[in-house]
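Chain and residue survey
Single-letter residue listing:
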Amino acid sequence: MKEFVMVYRSELMGEIKLTAEGNMVVSKEWENWMGGIAAQNKLVSPGMRLGNEGRVIKPGNVVTNGPYAEIKEIIGGLSIFKADSIEEATEWAKTCPILNAGGNVEIRDIIQVNG
Amino acid sequence: MQEKELIPYLYRTEFRKITAVLCRLFGIEHITIAEDIVGDTFLLAAETWGLKGIPANPAAWLYVVAKNKARDFLKRNTIFNEKVSPEVQYSAGESHEIEVDLSPTNINDSQLQMMFAICYPGIPPESQIGLSLRILCSFSIDEIADAFLTNKETINKRLYRAKEKLKQDKVKIEMPSGSEISDRIETVLTTLYLLFNEGYYSASRNTVLTKDLCLEAMRLTHMLTENKNTDKPEVNALLALMCFHASRFEARIDKNGELILYEDQDISLWNKELIKQGECYLNRAAKGDLISRYHLEAAIAYWHTAERDSPEKWEKVLSLYNRLLMVEYSPIAALNRTYALAKVYGNKAAIIEAEKLGLDHSHLYHILLGELYATVDTQKAIRHFTAASKLTKTSADRNVIRKKIDKLKK
(Lines give C-alpha, C1' and ligand atoms only; values in the text may rest on other atoms or scores of the structure.)
Protein backbone atom coordinates (compact mmCIF):
# COMPACT_ATOMS: atom_id res chain seq x y z
CA MET A 1 0.00 0.00 0.00
CA LYS A 2 1.27 3.47 -0.91
CA GLU A 3 0.73 6.77 0.79
CA PHE A 4 -0.81 9.74 -0.94
CA VAL A 5 -1.36 13.30 0.10
CA MET A 6 -4.55 15.07 -0.88
CA VAL A 7 -4.23 18.81 -1.23
CA TYR A 8 -7.50 20.70 -1.01
CA ARG A 9 -7.69 23.91 -3.02
CA SER A 10 -10.40 26.49 -3.25
CA GLU A 11 -10.94 30.22 -3.39
CA LEU A 12 -10.25 32.18 -0.25
CA MET A 13 -12.47 30.94 2.53
CA GLY A 14 -14.84 33.36 4.21
CA GLU A 15 -14.63 33.86 7.93
CA ILE A 16 -13.45 30.65 9.57
CA LYS A 17 -15.67 29.54 12.45
CA LEU A 18 -13.74 28.63 15.58
CA THR A 19 -14.80 26.77 18.69
CA ALA A 20 -14.27 28.16 22.20
CA GLU A 21 -10.96 26.26 22.28
CA GLY A 22 -9.84 27.94 19.08
CA ASN A 23 -10.32 24.92 16.85
CA MET A 24 -11.94 25.11 13.45
CA VAL A 25 -15.50 23.85 13.26
CA VAL A 26 -15.51 20.93 10.86
CA SER A 27 -18.68 20.50 8.82
CA LYS A 28 -20.69 17.30 9.01
CA GLU A 29 -20.00 16.72 5.32
CA TRP A 30 -16.23 16.75 5.78
CA GLU A 31 -16.38 14.68 8.92
CA ASN A 32 -18.50 11.98 7.27
CA TRP A 33 -16.30 11.95 4.19
CA MET A 34 -13.07 11.56 6.08
CA GLY A 35 -14.67 9.26 8.68
CA GLY A 36 -15.76 6.96 5.85
CA ILE A 37 -12.20 6.61 4.60
CA ALA A 38 -10.86 6.26 8.14
CA ALA A 39 -13.39 3.43 8.72
CA GLN A 40 -11.61 1.51 5.95
CA ASN A 41 -8.36 2.01 7.85
CA LYS A 42 -7.00 4.06 4.95
CA LEU A 43 -6.42 7.37 6.73
CA VAL A 44 -2.82 7.97 7.74
CA SER A 45 -3.28 11.49 9.10
CA PRO A 46 -6.20 13.88 8.94
CA GLY A 47 -3.46 16.42 8.37
CA MET A 48 -4.21 20.06 8.85
CA ARG A 49 -6.45 22.87 7.77
CA LEU A 50 -4.79 26.08 6.74
CA GLY A 51 -6.06 29.57 7.57
CA ASN A 52 -6.34 32.61 5.37
CA GLU A 53 -3.22 34.37 6.59
CA GLY A 54 -0.08 33.94 4.52
CA ARG A 55 2.97 35.35 2.81
CA VAL A 56 4.68 34.33 -0.39
CA ILE A 57 8.45 34.64 -0.43
CA LYS A 58 10.34 34.90 -3.73
CA PRO A 59 13.99 35.28 -4.59
CA GLY A 60 15.43 38.73 -4.22
CA ASN A 61 13.81 39.47 -0.89
CA VAL A 62 10.36 39.78 -2.44
CA VAL A 63 7.61 39.11 0.06
CA THR A 64 3.98 39.42 -0.96
CA ASN A 65 0.88 39.38 1.15
CA GLY A 66 -1.66 36.63 1.05
CA PRO A 67 -1.30 32.93 0.59
CA TYR A 68 -1.74 33.09 -3.21
CA ALA A 69 1.12 32.20 -5.42
CA GLU A 70 -0.22 33.45 -8.74
CA ILE A 71 -3.86 32.65 -8.87
CA LYS A 72 -6.86 33.30 -6.64
CA GLU A 73 -6.97 29.73 -5.39
CA ILE A 74 -5.38 28.86 -2.07
CA ILE A 75 -4.48 25.61 -0.39
CA GLY A 76 -7.10 25.05 2.31
CA GLY A 77 -5.54 21.98 3.88
CA LEU A 78 -4.06 18.58 3.31
CA SER A 79 -4.42 15.02 4.57
CA ILE A 80 -2.53 11.77 4.09
CA PHE A 81 -4.16 8.48 3.05
CA LYS A 82 -2.95 5.04 2.14
CA ALA A 83 -4.32 3.30 -0.90
CA ASP A 84 -3.44 0.42 -3.19
CA SER A 85 -3.22 2.76 -6.14
CA ILE A 86 -3.72 6.35 -7.12
CA GLU A 87 -6.94 5.19 -8.81
CA GLU A 88 -8.37 4.09 -5.47
CA ALA A 89 -7.49 7.46 -3.93
CA THR A 90 -9.02 9.17 -6.96
CA GLU A 91 -12.34 7.46 -6.30
CA TRP A 92 -12.41 8.87 -2.76
CA ALA A 93 -11.45 12.33 -3.94
CA LYS A 94 -14.45 12.32 -6.30
CA THR A 95 -16.74 12.49 -3.26
CA CYS A 96 -14.70 15.10 -1.37
CA PRO A 97 -16.93 17.92 -0.06
CA ILE A 98 -14.60 20.59 -1.42
CA LEU A 99 -15.92 19.84 -4.91
CA ASN A 100 -19.36 21.03 -3.81
CA ALA A 101 -17.81 24.34 -2.79
CA GLY A 102 -16.20 24.93 -6.16
CA GLY A 103 -12.77 23.75 -5.03
CA ASN A 104 -10.59 20.90 -6.18
CA VAL A 105 -8.39 18.14 -4.81
CA GLU A 106 -4.91 17.32 -5.97
CA ILE A 107 -3.54 13.86 -5.18
CA ARG A 108 0.20 13.30 -5.06
CA ASP A 109 2.14 10.21 -4.14
CA ILE A 110 4.53 10.54 -1.23
CA ILE A 111 8.19 9.72 -1.74
CA GLN A 112 10.01 8.64 1.41
CA VAL A 113 13.25 10.49 1.92
CA ASN A 114 16.13 8.76 3.66
CA GLY A 115 17.35 10.04 6.98
CA MET B 1 -18.98 -12.17 59.21
CA GLN B 2 -18.09 -15.83 59.69
CA GLU B 3 -14.51 -17.03 59.25
CA LYS B 4 -15.58 -18.86 56.09
CA GLU B 5 -16.57 -15.59 54.42
CA LEU B 6 -14.18 -13.34 56.27
CA ILE B 7 -10.94 -14.80 54.91
CA PRO B 8 -11.88 -14.59 51.22
CA TYR B 9 -13.17 -11.07 51.85
CA LEU B 10 -9.94 -10.00 53.55
CA TYR B 11 -7.94 -11.77 50.85
CA ARG B 12 -9.61 -9.61 48.22
CA THR B 13 -9.13 -6.34 50.10
CA GLU B 14 -5.83 -6.87 51.95
CA PHE B 15 -3.71 -9.19 49.79
CA ARG B 16 -3.06 -6.47 47.24
CA LYS B 17 -2.28 -3.83 49.84
CA ILE B 18 0.32 -5.85 51.72
CA THR B 19 1.79 -7.30 48.52
CA ALA B 20 2.28 -3.85 46.98
CA VAL B 21 4.03 -2.57 50.10
CA LEU B 22 6.32 -5.61 50.27
CA CYS B 23 7.12 -5.47 46.54
CA ARG B 24 8.16 -1.88 46.93
CA LEU B 25 10.25 -2.73 49.97
CA PHE B 26 11.96 -5.78 48.42
CA GLY B 27 12.32 -4.47 44.87
CA ILE B 28 10.92 -5.66 41.54
CA GLU B 29 13.06 -8.83 41.53
CA HIS B 30 11.23 -10.23 44.53
CA ILE B 31 7.57 -9.95 43.53
CA THR B 32 7.10 -13.69 43.95
CA ILE B 33 8.56 -13.66 47.46
CA ALA B 34 6.23 -10.82 48.41
CA GLU B 35 3.27 -12.81 47.05
CA ASP B 36 4.40 -15.93 48.92
CA ILE B 37 4.79 -14.11 52.23
CA VAL B 38 1.30 -12.66 51.98
CA GLY B 39 -0.06 -16.02 50.84
CA ASP B 40 1.55 -17.72 53.86
CA THR B 41 0.07 -15.08 56.13
CA PHE B 42 -3.41 -15.96 54.92
CA LEU B 43 -2.73 -19.69 55.34
CA LEU B 44 -1.64 -19.09 58.91
CA ALA B 45 -4.76 -16.97 59.49
CA ALA B 46 -6.97 -19.79 58.27
CA GLU B 47 -5.26 -22.28 60.60
CA THR B 48 -5.04 -20.08 63.65
CA TRP B 49 -8.46 -18.47 63.43
CA GLY B 50 -10.00 -21.89 62.95
CA LEU B 51 -8.53 -23.02 66.26
CA LYS B 52 -8.52 -19.89 68.39
CA GLY B 53 -11.30 -17.87 66.84
CA ILE B 54 -11.24 -14.64 64.89
CA PRO B 55 -9.07 -11.88 66.43
CA ALA B 56 -10.62 -8.55 67.40
CA ASN B 57 -9.03 -6.75 64.47
CA PRO B 58 -8.42 -9.33 61.74
CA ALA B 59 -6.77 -6.93 59.25
CA ALA B 60 -4.35 -5.70 61.91
CA TRP B 61 -3.55 -9.32 62.77
CA LEU B 62 -2.66 -9.96 59.13
CA TYR B 63 -0.48 -6.86 59.02
CA VAL B 64 1.49 -7.89 62.12
CA VAL B 65 2.10 -11.41 60.83
CA ALA B 66 3.06 -10.18 57.35
CA LYS B 67 5.41 -7.59 58.86
CA ASN B 68 7.16 -10.25 60.96
CA LYS B 69 7.50 -12.58 58.03
CA ALA B 70 8.87 -9.75 55.89
CA ARG B 71 11.39 -8.79 58.54
CA ASP B 72 12.49 -12.40 58.96
CA PHE B 73 12.95 -12.71 55.25
CA LEU B 74 14.99 -9.52 55.04
CA LYS B 75 17.19 -10.49 57.97
CA ARG B 76 17.80 -13.99 56.66
CA ASN B 77 18.44 -12.79 53.21
CA THR B 78 21.32 -10.95 51.77
CA ILE B 79 19.00 -8.81 49.73
CA PHE B 80 18.74 -6.56 52.72
CA ASN B 81 22.35 -5.53 52.25
CA GLU B 82 22.48 -5.68 48.52
CA LYS B 83 19.15 -4.60 47.19
CA VAL B 84 17.10 -2.73 49.73
CA SER B 85 17.54 1.00 49.30
CA PRO B 86 20.12 2.66 51.54
CA GLU B 87 17.46 4.96 53.04
CA VAL B 88 15.50 1.99 54.30
CA GLN B 89 18.70 0.45 55.63
CA TYR B 90 19.62 3.67 57.33
CA SER B 91 16.31 4.17 59.03
CA ALA B 92 16.37 0.53 60.08
CA GLY B 93 20.08 0.49 60.97
CA GLU B 94 20.12 1.79 64.49
CA SER B 95 17.71 -0.55 66.13
CA HIS B 96 18.18 -3.36 63.60
CA GLU B 97 14.44 -3.20 63.38
CA ILE B 98 13.23 -3.00 59.80
CA GLU B 99 10.22 -0.77 59.31
CA VAL B 100 7.49 -2.36 57.23
CA ASP B 101 5.20 0.60 56.71
CA LEU B 102 1.59 -0.52 56.31
CA SER B 103 0.07 2.92 56.84
CA PRO B 104 -2.77 3.90 54.48
CA THR B 105 -0.56 6.49 52.80
CA ASN B 106 2.23 4.06 52.10
CA ILE B 107 -0.21 1.39 50.95
CA ASN B 108 -1.71 3.86 48.51
CA ASP B 109 1.65 5.10 47.24
CA SER B 110 2.95 1.56 46.87
CA GLN B 111 -0.09 0.50 44.86
CA LEU B 112 0.22 3.48 42.51
CA GLN B 113 3.92 2.84 42.01
CA MET B 114 3.30 -0.84 41.37
CA MET B 115 0.69 0.15 38.79
CA PHE B 116 3.32 2.07 36.85
CA ALA B 117 5.88 -0.72 37.27
CA ILE B 118 3.51 -3.44 36.04
CA CYS B 119 2.14 -1.41 33.14
CA TYR B 120 5.55 -1.57 31.54
CA PRO B 121 5.60 -1.46 27.74
CA GLY B 122 8.33 -4.14 27.67
CA ILE B 123 5.85 -6.89 28.60
CA PRO B 124 2.83 -7.83 26.48
CA PRO B 125 -0.57 -6.32 27.36
CA GLU B 126 -2.09 -9.66 28.44
CA SER B 127 0.78 -10.08 30.91
CA GLN B 128 0.27 -6.56 32.20
CA ILE B 129 -3.39 -7.36 32.77
CA GLY B 130 -2.57 -10.70 34.41
CA LEU B 131 -0.01 -9.17 36.75
CA SER B 132 -2.37 -6.29 37.55
CA LEU B 133 -5.09 -8.75 38.49
CA ARG B 134 -2.68 -10.67 40.70
CA ILE B 135 -0.73 -7.87 42.38
CA LEU B 136 -3.15 -4.94 42.26
CA CYS B 137 -6.48 -6.73 42.48
CA SER B 138 -5.73 -9.82 44.67
CA PHE B 139 -7.04 -12.28 42.07
CA SER B 140 -6.00 -15.91 42.51
CA ILE B 141 -4.30 -17.70 39.61
CA ASP B 142 -7.47 -19.79 39.18
CA GLU B 143 -9.61 -16.69 38.85
CA ILE B 144 -7.25 -15.13 36.32
CA ALA B 145 -7.27 -18.36 34.30
CA ASP B 146 -11.05 -18.39 34.42
CA ALA B 147 -11.30 -14.78 33.29
CA PHE B 148 -8.96 -15.43 30.34
CA LEU B 149 -10.70 -18.74 29.54
CA THR B 150 -7.44 -20.63 29.86
CA ASN B 151 -5.74 -22.85 32.44
CA LYS B 152 -3.61 -22.28 35.48
CA GLU B 153 -0.36 -23.42 33.85
CA THR B 154 -0.70 -20.89 31.04
CA ILE B 155 -1.27 -18.06 33.49
CA ASN B 156 1.56 -19.17 35.77
CA LYS B 157 3.94 -19.29 32.81
CA ARG B 158 2.76 -15.93 31.54
CA LEU B 159 3.20 -14.24 34.92
CA TYR B 160 6.56 -15.91 35.46
CA ARG B 161 7.90 -14.64 32.14
CA ALA B 162 6.56 -11.15 32.85
CA LYS B 163 8.23 -11.02 36.26
CA GLU B 164 11.52 -12.23 34.78
CA LYS B 165 11.35 -9.47 32.19
CA LEU B 166 10.65 -6.82 34.82
CA LYS B 167 13.64 -8.13 36.75
CA GLN B 168 15.92 -8.22 33.68
CA ASP B 169 15.01 -4.70 32.65
CA LYS B 170 15.47 -3.51 36.24
CA VAL B 171 12.12 -1.75 36.25
CA LYS B 172 11.98 0.63 39.18
CA ILE B 173 9.06 0.77 41.56
CA GLU B 174 8.64 4.50 41.74
CA MET B 175 6.41 7.33 40.64
CA PRO B 176 7.53 8.64 37.24
CA SER B 177 8.64 12.26 37.30
CA GLY B 178 6.26 15.02 36.26
CA SER B 179 7.38 15.16 32.63
CA GLU B 180 7.47 11.36 32.30
CA ILE B 181 4.00 10.82 33.71
CA SER B 182 2.14 11.84 30.55
CA ASP B 183 3.94 9.17 28.50
CA ARG B 184 3.85 6.43 31.09
CA ILE B 185 0.22 6.99 32.00
CA GLU B 186 -0.80 6.07 28.47
CA THR B 187 0.35 2.49 29.01
CA VAL B 188 -1.36 2.39 32.40
CA LEU B 189 -4.62 3.63 30.88
CA THR B 190 -4.43 1.14 28.02
CA THR B 191 -4.03 -1.69 30.52
CA LEU B 192 -6.92 -0.45 32.68
CA TYR B 193 -9.06 -0.02 29.56
CA LEU B 194 -8.26 -3.59 28.45
CA LEU B 195 -8.85 -4.91 31.96
CA PHE B 196 -12.30 -3.33 31.98
CA ASN B 197 -13.10 -4.65 28.50
CA GLU B 198 -11.86 -8.10 29.47
CA GLY B 199 -14.61 -8.11 32.06
CA TYR B 200 -17.27 -6.30 30.06
CA TYR B 201 -16.95 -8.35 26.87
CA SER B 202 -15.71 -11.58 28.43
CA ALA B 203 -17.03 -14.83 27.05
CA SER B 204 -16.65 -16.37 30.51
CA ARG B 205 -19.96 -17.53 32.00
CA ASN B 206 -18.84 -16.52 35.46
CA THR B 207 -20.74 -13.22 35.56
CA VAL B 208 -19.77 -12.40 39.13
CA LEU B 209 -16.11 -12.71 38.26
CA THR B 210 -16.33 -10.72 35.03
CA LYS B 211 -18.19 -7.92 36.82
CA ASP B 212 -15.41 -7.93 39.42
CA LEU B 213 -12.86 -7.32 36.67
CA CYS B 214 -14.76 -4.21 35.65
CA LEU B 215 -15.10 -2.97 39.21
CA GLU B 216 -11.38 -3.51 39.85
CA ALA B 217 -10.49 -1.57 36.69
CA MET B 218 -12.74 1.23 37.94
CA ARG B 219 -11.19 1.15 41.41
CA LEU B 220 -7.66 1.44 40.00
CA THR B 221 -8.64 4.25 37.62
CA HIS B 222 -10.32 6.01 40.52
CA MET B 223 -7.07 5.74 42.48
CA LEU B 224 -5.33 7.63 39.69
CA THR B 225 -7.89 10.44 39.86
CA GLU B 226 -7.28 10.78 43.60
CA ASN B 227 -3.59 11.53 43.22
CA LYS B 228 -2.77 15.05 42.05
CA ASN B 229 0.07 13.88 39.79
CA THR B 230 -2.08 11.40 37.91
CA ASP B 231 -5.44 13.21 37.98
CA LYS B 232 -5.23 13.97 34.25
CA PRO B 233 -8.13 14.80 31.90
CA GLU B 234 -7.70 11.51 29.99
CA VAL B 235 -7.82 9.53 33.27
CA ASN B 236 -11.14 11.17 34.12
CA ALA B 237 -12.38 10.50 30.60
CA LEU B 238 -11.56 6.81 30.94
CA LEU B 239 -13.31 6.62 34.30
CA ALA B 240 -16.36 8.36 32.82
CA LEU B 241 -16.38 5.79 30.02
CA MET B 242 -16.26 2.95 32.54
CA CYS B 243 -19.07 4.44 34.64
CA PHE B 244 -21.36 4.80 31.60
CA HIS B 245 -20.73 1.22 30.50
CA ALA B 246 -21.05 -0.13 34.03
CA SER B 247 -24.41 1.60 34.41
CA ARG B 248 -25.87 -1.13 32.19
CA PHE B 249 -24.53 -4.09 34.21
CA GLU B 250 -27.93 -5.10 35.53
CA ALA B 251 -29.72 -4.52 32.23
CA ARG B 252 -27.38 -6.37 29.88
CA ILE B 253 -27.45 -9.89 31.34
CA ASP B 254 -30.65 -11.89 31.86
CA LYS B 255 -31.20 -14.29 34.73
CA ASN B 256 -29.74 -17.16 32.71
CA GLY B 257 -26.54 -15.21 32.20
CA GLU B 258 -27.33 -14.46 28.56
CA LEU B 259 -26.46 -11.17 26.94
CA ILE B 260 -29.31 -8.73 26.29
CA LEU B 261 -28.57 -6.40 23.38
CA TYR B 262 -28.61 -2.67 23.94
CA GLU B 263 -31.86 -2.08 22.01
CA ASP B 264 -33.69 -4.74 24.01
CA GLN B 265 -32.61 -3.60 27.47
CA ASP B 266 -35.00 -2.46 30.18
CA ILE B 267 -33.97 1.18 30.65
CA SER B 268 -35.29 1.23 34.21
CA LEU B 269 -32.48 -1.16 35.15
CA TRP B 270 -29.79 1.29 34.07
CA ASN B 271 -27.94 2.58 37.11
CA LYS B 272 -28.71 6.32 37.33
CA GLU B 273 -26.14 6.84 40.05
CA LEU B 274 -23.30 5.55 37.87
CA ILE B 275 -24.53 7.63 34.93
CA LYS B 276 -24.42 10.70 37.15
CA GLN B 277 -20.90 9.83 38.31
CA GLY B 278 -19.85 9.34 34.71
CA GLU B 279 -21.15 12.80 33.83
CA CYS B 280 -19.19 14.25 36.72
CA TYR B 281 -15.92 12.64 35.54
CA LEU B 282 -16.63 13.67 31.96
CA ASN B 283 -16.91 17.28 33.12
CA ARG B 284 -13.64 16.95 34.97
CA ALA B 285 -12.10 15.49 31.80
CA ALA B 286 -13.02 18.64 29.87
CA LYS B 287 -10.09 20.59 31.35
CA GLY B 288 -7.19 21.27 29.02
CA ASP B 289 -7.26 21.01 25.26
CA LEU B 290 -6.24 17.42 24.73
CA ILE B 291 -8.98 15.28 23.25
CA SER B 292 -7.93 11.67 23.77
CA ARG B 293 -9.63 8.60 22.40
CA TYR B 294 -11.05 8.13 25.90
CA HIS B 295 -12.75 11.52 25.68
CA LEU B 296 -14.38 10.53 22.40
CA GLU B 297 -15.34 7.08 23.65
CA ALA B 298 -16.72 8.49 26.89
CA ALA B 299 -18.79 11.00 24.92
CA ILE B 300 -20.14 8.17 22.76
CA ALA B 301 -20.97 6.16 25.88
CA TYR B 302 -22.64 9.24 27.35
CA TRP B 303 -24.97 9.50 24.36
CA HIS B 304 -25.82 5.85 24.78
CA THR B 305 -27.13 6.58 28.26
CA ALA B 306 -29.50 9.18 26.83
CA GLU B 307 -33.05 8.65 25.56
CA ARG B 308 -33.11 6.33 22.63
CA ASP B 309 -33.20 7.25 18.98
CA SER B 310 -33.51 11.02 19.05
CA PRO B 311 -32.08 12.40 15.78
CA GLU B 312 -29.60 14.50 17.75
CA LYS B 313 -28.27 11.46 19.58
CA TRP B 314 -27.28 9.52 16.47
CA GLU B 315 -25.85 12.57 14.71
CA LYS B 316 -23.63 13.18 17.71
CA VAL B 317 -22.64 9.52 17.94
CA LEU B 318 -21.79 9.42 14.23
CA SER B 319 -19.72 12.57 14.52
CA LEU B 320 -17.84 11.19 17.53
CA TYR B 321 -17.12 7.88 15.77
CA ASN B 322 -15.83 9.81 12.75
CA ARG B 323 -13.45 11.70 14.99
CA LEU B 324 -12.45 8.60 16.94
CA LEU B 325 -11.54 6.83 13.70
CA MET B 326 -9.45 9.80 12.63
CA VAL B 327 -7.50 9.53 15.90
CA GLU B 328 -7.19 5.75 15.90
CA TYR B 329 -8.65 3.06 13.67
CA SER B 330 -10.23 -0.02 15.19
CA PRO B 331 -12.56 -2.51 13.49
CA ILE B 332 -15.15 -2.14 16.25
CA ALA B 333 -15.22 1.66 15.84
CA ALA B 334 -15.57 1.25 12.07
CA LEU B 335 -18.56 -1.08 12.55
CA ASN B 336 -20.20 1.13 15.15
CA ARG B 337 -19.72 4.18 12.97
CA THR B 338 -21.57 2.43 10.18
CA TYR B 339 -24.42 1.51 12.55
CA ALA B 340 -24.70 5.18 13.59
CA LEU B 341 -24.61 6.19 9.92
CA ALA B 342 -27.58 3.92 9.28
CA LYS B 343 -29.48 5.61 12.10
CA VAL B 344 -28.87 9.04 10.54
CA TYR B 345 -28.90 8.38 6.77
CA GLY B 346 -30.78 5.09 6.51
CA ASN B 347 -29.82 1.47 5.94
CA LYS B 348 -29.18 1.69 2.20
CA ALA B 349 -26.57 4.41 2.57
CA ALA B 350 -24.97 2.47 5.41
CA ILE B 351 -24.83 -0.79 3.43
CA ILE B 352 -22.71 0.92 0.75
CA GLU B 353 -20.28 2.13 3.42
CA ALA B 354 -20.34 -1.17 5.30
CA GLU B 355 -19.37 -3.21 2.26
CA LYS B 356 -16.21 -1.12 1.86
CA LEU B 357 -14.95 -1.95 5.35
CA GLY B 358 -13.11 -5.13 4.39
CA LEU B 359 -13.94 -6.95 7.61
CA ASP B 360 -15.43 -10.13 6.10
CA HIS B 361 -13.59 -12.31 8.61
CA SER B 362 -15.37 -10.71 11.58
CA HIS B 363 -18.66 -12.11 12.89
CA LEU B 364 -19.61 -8.61 14.05
CA TYR B 365 -19.29 -7.36 10.47
CA HIS B 366 -21.80 -9.95 9.31
CA ILE B 367 -24.13 -9.20 12.22
CA LEU B 368 -24.06 -5.53 11.23
CA LEU B 369 -24.83 -6.32 7.58
CA GLY B 370 -27.53 -8.74 8.71
CA GLU B 371 -29.14 -5.92 10.70
CA LEU B 372 -28.82 -3.43 7.85
CA TYR B 373 -30.26 -5.84 5.26
CA ALA B 374 -33.09 -6.97 7.56
CA THR B 375 -35.44 -4.27 6.24
CA VAL B 376 -33.94 -4.19 2.74
CA ASP B 377 -33.35 -7.77 1.61
CA THR B 378 -34.35 -10.60 3.96
CA GLN B 379 -32.43 -13.30 2.09
CA LYS B 380 -29.19 -11.36 2.20
CA ALA B 381 -29.81 -10.61 5.87
CA ILE B 382 -30.18 -14.33 6.65
CA ARG B 383 -27.04 -15.11 4.65
CA HIS B 384 -25.01 -12.62 6.69
CA PHE B 385 -26.40 -13.83 10.02
CA THR B 386 -25.55 -17.40 9.02
CA ALA B 387 -22.01 -16.36 8.13
CA ALA B 388 -21.75 -14.60 11.50
CA SER B 389 -22.92 -17.70 13.33
CA LYS B 390 -20.17 -19.75 11.68
CA LEU B 391 -17.49 -17.23 12.61
CA THR B 392 -18.39 -16.60 16.23
CA LYS B 393 -16.66 -18.50 18.99
CA THR B 394 -19.16 -18.23 21.83
CA SER B 395 -22.46 -20.00 22.25
CA ALA B 396 -23.98 -16.85 23.76
CA ASP B 397 -23.42 -15.06 20.45
CA ARG B 398 -24.77 -18.00 18.48
CA ASN B 399 -27.96 -17.92 20.56
CA VAL B 400 -28.50 -14.25 19.88
CA ILE B 401 -27.88 -14.76 16.14
CA ARG B 402 -30.22 -17.76 15.97
CA LYS B 403 -33.02 -15.67 17.46
CA LYS B 404 -32.44 -13.01 14.81
CA ILE B 405 -32.58 -15.55 11.98
CA ASP B 406 -35.76 -17.10 13.41
CA LYS B 407 -37.38 -13.68 13.53
CA LEU B 408 -36.53 -13.01 9.87
CA LYS B 409 -37.89 -16.36 8.75
CA LYS B 410 -41.27 -15.71 10.32
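Residues numbered from 1 in each chain as written. Chains lettered and ligands numbered in written order. Predicted model: local features only at pLDDT ≥ 70, side-chain atom pairs only at ≥ 80, totals over all residues. Heavy atoms only, no water.

**With respect to the sheet that holds strand β1 (residues 2–11) of chain A**
Residue and element names in this part refer to chain A. Reading across the sheet, the 4 strands line up as β2-β5-β1-β6 and stay open at both edges, with antiparallel pairing between neighbours. With one partner strand each, in any of the chains shown, β2 (43–49) and β6 (104–109) form the two edges of the open sheet. On average, adjacent strands in this sheet sit at an angle of 20 degrees to one another, irrespective of strand direction. As paired elements, β2 and strand β5 (residues 73–83) share 4 bridges and run antiparallel to each other. Note that in β5 the partner of Met48 across the bridge is Leu78. (Pairing = 2+ DSSP bridges. Helix = DSSP H or I, 4+ residues; strand = E, 2+ residues; numbered from the N terminus. Axes fitted to C-alpha atoms, helices over the stretch in contact; angles between N-to-C directions.)

**A short note on the pattern of salt bridges**
All chains considered together, the criterion is met by 22 salt bridges over all chains. Where Glu216 of chain B meets Arg219 of chain B, a salt bridge forms, and the shortest distance between an N and an O atom there is 2.7 Å. One end of the pair, Glu216 of chain B, and the other, Arg219 of chain B, are both in helix α11 (residues 207–226), 3 residues apart, so they sit about a helical turn from each other. Taking relative accessible area as the criterion, Arg219 of chain B reaches 21% and is therefore assigned partly exposed. As a salt-bridge pair, Arg284 of chain B and Asp231 of chain B come within 3.2 Å of each other at their nearest N and O atoms. Pair noted here: Arg284 of chain B is in helix α14 (residues 272–285) and Asp231 of chain B is in the loop between α11 and α12 (233–246), with a separation of 53 residues, a long-range link. For Arg284 of chain B, a relative accessible area of 28% gives the class partly exposed. The class for Asp231 of chain B is partly exposed, based on a relative accessible area of 29%. Salt bridges here are not isolated pairs; linked through shared partners, they connect Arg9, Glu106 and Arg108 of chain A. (Salt bridge = Lys/Arg side-chain N within 4 Å of Asp/Glu carboxyl O. Buried < 20%, exposed > 50% of the residue type's maximum accessible area, 1.4 Å probe, protein only.)

**Things to note about the interface of chain A and chain B**
Across the contact, 12 residues belong to chain A and 14 residues belong to chain B. Here chain A and chain B share an interface that buries about 1,200 Å² over both sides, 56% of which is from carbon and sulfur atoms. Among the residues chain A hides against chain B, the three largest losses belong to Glu31, Asn32 and Ala39 of chain A. Together they make up 42% of the total. Seen at the junction of chain A and chain B, the total is 6 residue pairs in polar contact (both at pLDDT 80 or more). Counting residues per element, the side of chain A that touches chain B draws most heavily on helix α1 (residues 28–38) of chain A, at 7 residues. Each residue belonging to the side of chain A that touches chain B can be placed in one class, and the counts come to 5 nonpolar, 5 polar and 2 charged. (Contact = heavy atoms within 4.5 Å. Buried area = accessible area lost by both parts, 1.4 Å probe. Polar contact = N/O pair within 3.5 Å; in protein donor to acceptor, adjacent residues only side chain to side chain. Nonpolar A, V, L, I, M, F, W, Y, C, P; charged D, E, K, R; others polar.)

Don't take any of this as a statement about function, it's just geometry.
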